[in-house]
Amino acid sequence: MMKRRLIALFLAAALTLGLAACGKPSEPGSTAPAPSGSSQTPAPGGDAPKETITLKMWGGVQGEYGYDALVENFNKEFADKGIQVEYTRYVNNADGNLQLDTYLSAGNDIDIFMCYGGTSRYYNRVDGGLCLDLTDELAKRNFDPAAELGANNVAPYKIDGRFYALPTKTDNKAWMMVNADMFKAANIELPTKGWTYAQFLDACQKLTHGEGLDKVYAMRWCLSDTKDYFRAGVGSPMARNSIYKDGAKETNFDSDIWKKGVQLCYDTIQSGYAYGWDDEVADDISFANSFLEGKCAMSLGIANLRLVRDLATYPHDFQTALVPFPVPDESYMKVADHGVMSDAGDLIVVNSKTAYPQECIDFIIWYIKGGMAPLASGGRIPLWQGFDKGKVVDALNENADGVFNEESIKAYLSIGTGFDETVLVTDKDAEIETIFDEELQAIMYGQKTVDQGLADMKSRSDALLG
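The structure presented is a predicted model; accordingly, all values stated were derived computationally and were not measured.

### Re the overall build of the protein chain
Helix and strand counts for the protein chain stand at 19 helices and 14 strands. Within the span of the protein chain, comprising 466 residues, buried residues form 55% of the whole. Taking the intrachain contacts of the protein chain between residues at least 6 apart in sequence as the baseline, contacts between residues at least 24 apart amount to 76%. Working note: accessible area of the protein chain is about 20000 Å², and carbon and sulfur atoms make up 49% of it.

### What about the confidence of the model for the protein chain?
Per-residue confidence for the protein chain gives a mean pLDDT of 87; residues scoring 70 or more make up 88%. For the stretch residues 1–36, pLDDT sits under 50, and the model shows 52 contacts to residues farther than four places along the chain or on other chains. Note on residues 41–46: pLDDT under 50 across the span, and six contacts to partners over four residues away in sequence or across chains.

### Looking at the nonpolar core
If you look at the biggest cluster of nonpolar residues, it comprises 141 residues, and the most contacted ones within it are Met57, Trp221, Met298, Ile348, Phe363 and Tyr367. The residues contacting Ile348, other than those within four sequence positions of it, are Met57, Ile112, Phe113, Met114, Ala165, Leu166, Thr168, Phe363, Ile364, Tyr367 and Ile368.

### Thoughts on the packing of helix H2 (residues 67–77) against helix H15 (residues 357–371)
Viewed as axis vectors pointing N to C, H2 and H15 meet at an angle of 115 degrees, and their least axial separation amounts to 12 Å. When the axes of H2 and H15 are compared, the crossing they make is right-handed. Contacts between H2 and H15 pair Tyr67, Leu70, Asn73, Phe74 and Glu77 from the former with Phe363, Trp366, Tyr367 and Gly371 from the latter.

### Thoughts on the pairing of strand E8 (residues 175–179)
Buried residues dominate E8, accounting for five of its five residues. Along E8, one buried face is formed by Trp175, Met177 and Asn179 and the opposite face, lined by Met176 and Val178, is buried too. As defined by bridge partners, E8 adjoins strand E11 (residues 320–324) across five bridges and the pair is classed as antiparallel. Following the sheet pairing, Trp175 is matched in E11 by Pro324. As judged from the two bridges shared by E8 and strand E10 (residues 296–299), these two strands associate in the antiparallel manner. Pairing of Val178 across the sheet is with Met298, part of E10.

### Topic: the packing of aromatic side chains
In this structure the tally under the stated criterion is 26 aromatic pairs. When the centroid spacing of 5.5 Å and the interplanar angle of 70 degrees are considered together, the rings of Trp258 and Phe436 count as edge-to-face. With Trp258 in helix H11 (residues 256–270) and Phe436 in helix H18 (residues 429–444), the pair connects residues that are 178 residues apart, well separated along the chain. Like Trp258, the residue Phe436 is buried in the burial classification. Measuring from centroid to centroid gives 5.5 Å for Phe291 and Phe318, while their planes differ by 90 degrees, and the two rings are edge-to-face. Of this pair, Phe291 sits in the loop between helix H13 (287–290) and E10 while Phe318 sits in the loop between helix H14 (305–308) and E11, and the two are 27 residues apart along the sequence. One exposure class covers both Phe291 and Phe318, and it is buried. Between Arg231 and the ring centre of Phe436, over which it is positioned, the NZ or CZ distance is 5.0 Å.

### What about the environment of Phe200?
On the secondary structure map, Phe200 appears in helix H9 (residues 197–207). Phe200 sits in the buried class, given a relative accessible area of 0%. Not counting residues within four places of it along the chain, the set of residues in contact with Phe200 comprises Trp195, Met219, Trp221, Leu264, Thr268, Met298 and Pro326.

### Brief notes about H18
Taking 1.5 Å as the rise per residue, H18 with 16 residues should run 22 Å; its terminal C-alpha atoms sit 22 Å apart, in good agreement. Residues Ile432, Ile435, Phe436, Glu439, Leu440, Ala442, Ile443 and Met444 constitute the buried set of H18. Tucked inside the fold, the buried residues of H18 contact helix H10 (228–235), H11, helix H12 (277–282) and helix H19 (450–465). Gly446 sits one or two positions beyond H18 and adopts a positive phi of about 80 degrees.

### Focus: the sheet that holds E8
In space, the four strands of this open sheet follow the order E9-E10-E8-E11, with mixed pairing throughout. A strand with exactly one partner marks an edge of an open sheet, and here the two such strands are strand E9 (217–220) and E11. The average undirected angle you get between the axes of adjacent strands in this sheet is 25 degrees. Where H9 meets the sheet, it contacts E9 and E10, and its direction lies at approximately 150 degrees from that of E10.

### With respect to the packing of H10 against H11
Look at H10 against H11: their axes get within 9 Å of each other, and the N-to-C directions meet at 130 degrees. Classed by the angle they form, the pair H10 and H11 counts as oblique. As H10 packs across H11, the resulting crossing turns out to be right-handed. Listed contacts from H11 to Phe230, Arg231, Val234 and Gly235 of H10 are Ile257, Trp258, Gly261, Val262 and Cys265. The class makeup of the residues in the contact of H10 with H11 is six nonpolar, two polar and one charged.

Scoring rules and cut-offs
- The numbering scheme is per chain: residues are counted from 1 as the chain's sequence reads.
- Where local features are concerned, this predicted model is filtered to residues with pLDDT of at least 70; where side-chain atom pairs are given and counted, the filter is 80 or more; whole-chain, interface and lining totals use all residues.
- As a convention, hydrogens and water are excluded, and side-chain values are obtained from all of the structure's heavy atoms.
- Only runs of H or I of at least four residues qualify as helices and only runs of E of at least two qualify as strands under DSSP, and these elements are numbered from the N terminus.
- Each residue is assigned to one of three classes by its accessible area relative to the maximum for its type, calculated with a 1.4 Å probe on protein chains only: buried under 20%, partly exposed between the two thresholds, exposed over 50%.
- A contact between two residues is defined here by any heavy atoms of the two lying within 4.5 Å.
- Note on areas: Shrake-Rupley with a 1.4 Å probe; residue coverage comes only from the protein chains shown.
- As a per-residue measure, pLDDT reflects the predictor's confidence and takes values from 0 up to 100.
- Among buried residues, those of type Ala, Val, Leu, Ile, Met, Phe, Trp, Tyr and Cys that are joined through side-chain atoms within 4.5 Å constitute a nonpolar core.
- Angles here are taken between N-to-C directions and fall from 0 to 180 degrees, while the axes themselves are lines fitted to C-alpha atoms, restricted in helices to the stretch in contact.
- By definition, turning the near helix anticlockwise from the far helix through less than a right angle yields a left-handed crossing, and turning it clockwise yields a right-handed one.
- In this description, strands pair whenever DSSP reports at least two bridges between them.
- Think of it this way: a Phe, Tyr or Trp ring, Trp meaning its six-membered ring, pairs with another when their centres are within 6.5 Å, and the plane angle makes it stacked under 30 degrees, edge-to-face over 60, tilted otherwise.
- Note on geometry: a ring has a charge over it if NZ (lysine) or CZ (arginine) is within 6 Å of the ring centre and within 35 degrees of the ring normal.
- One less than the number of residues in a helix, times 1.5 Å, gives the span that helix is expected to have.
- Oblique is the label for every angle not falling under 35 degrees (roughly parallel), over 145 degrees (roughly antiparallel), or within 65 to 115 degrees (roughly perpendicular).
- In the scheme used here, Gly and all other residues not listed as nonpolar or charged are polar, with Ala, Val, Leu, Ile, Met, Phe, Trp, Tyr, Cys and Pro taken as nonpolar and Asp, Glu, Lys and Arg as charged.

Structure below.
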């Protein structure tokens, strides 16, 4: 913790010095940041004007993917209470997060913000004093994070017994999207209840066809984007020990499950069923220009649900289904829904410098307990245990009837979020993920065998844990 605190304080100082060099968000539909404040609005019956508090919220999702509707709903519901909210979209990349941290360090121009990327940025922001401690005020409002959101879901975000943020959405990185029309044409049943590596390879052979620019690949492994989806899918059969053995002093990269999973990926590329890592990079292969253009039948990247239903930007006439990542063989079918990989994220945080802490906490409880419903249309599934999941199906299909296979959506939502165990994590996660990516790339580029790459992955990672 001390190491993170020193890093975070250094970063905060550097960011504050760089404030003058930072521009404001220029994303379409964003609201330029302005100091949080209040305005006078006429009170009913000619009484003295009532003060209206405007909370400034920053998030990394475009307004049209649900936040515009969310803001409209809140402002209508809380107009009589004198609370309004304005939403600004920041780009969730290195530059965008630098800008966010700069504004947070400088003052109270932001009241509420969304934090992404697991625990690393969150821990640094807490150590830097940028996040308000929510614990006592949540207790006063009888909001128990463990009961409302699931004990395992909130555990990674509890620091020394205190909550400085709450996760708001769930997704399962070990599920993928498939072109249901292509599956039907190839006479392949949608494996909504799970399938094996052998069945997956058989499907790959049937789904791959054509040559050159007209070729349709079976699979996009998402290797040029984030490898989180691949790690989640391959490691899921080991449940909580996906990455680490018990005690978290040693990685599990010597497991036969990792060997089979990495070999599966390598074999599909060598057989021409999947884009190679080099192809993804050289040709800038994305979810949009591959899967949504009908150039591949399957893709990792469950977070792209919002793009599937955005027919105005990404027009297509096929139906998308959600299916789980395959498992090594029939003996693993009991865990084929990859339930342990349901991931709680999209942290909602209150700026420690806000002038309106009580109103901010009122907002985040409203947001979690149903207010974020419009975000389901953008693929962000509410984590709150009391949320009506039927509304998620409705939201996904709103103005996009038929774009999703409804049976598969229901199968995905039936996984649930309140599990008895969660995947082991350590403070070395980010460094080990980097090692994983480097060794996986060496394997996929043919620079190392699967066995050698995994052996090096394990020895390098274990050295960090020792």
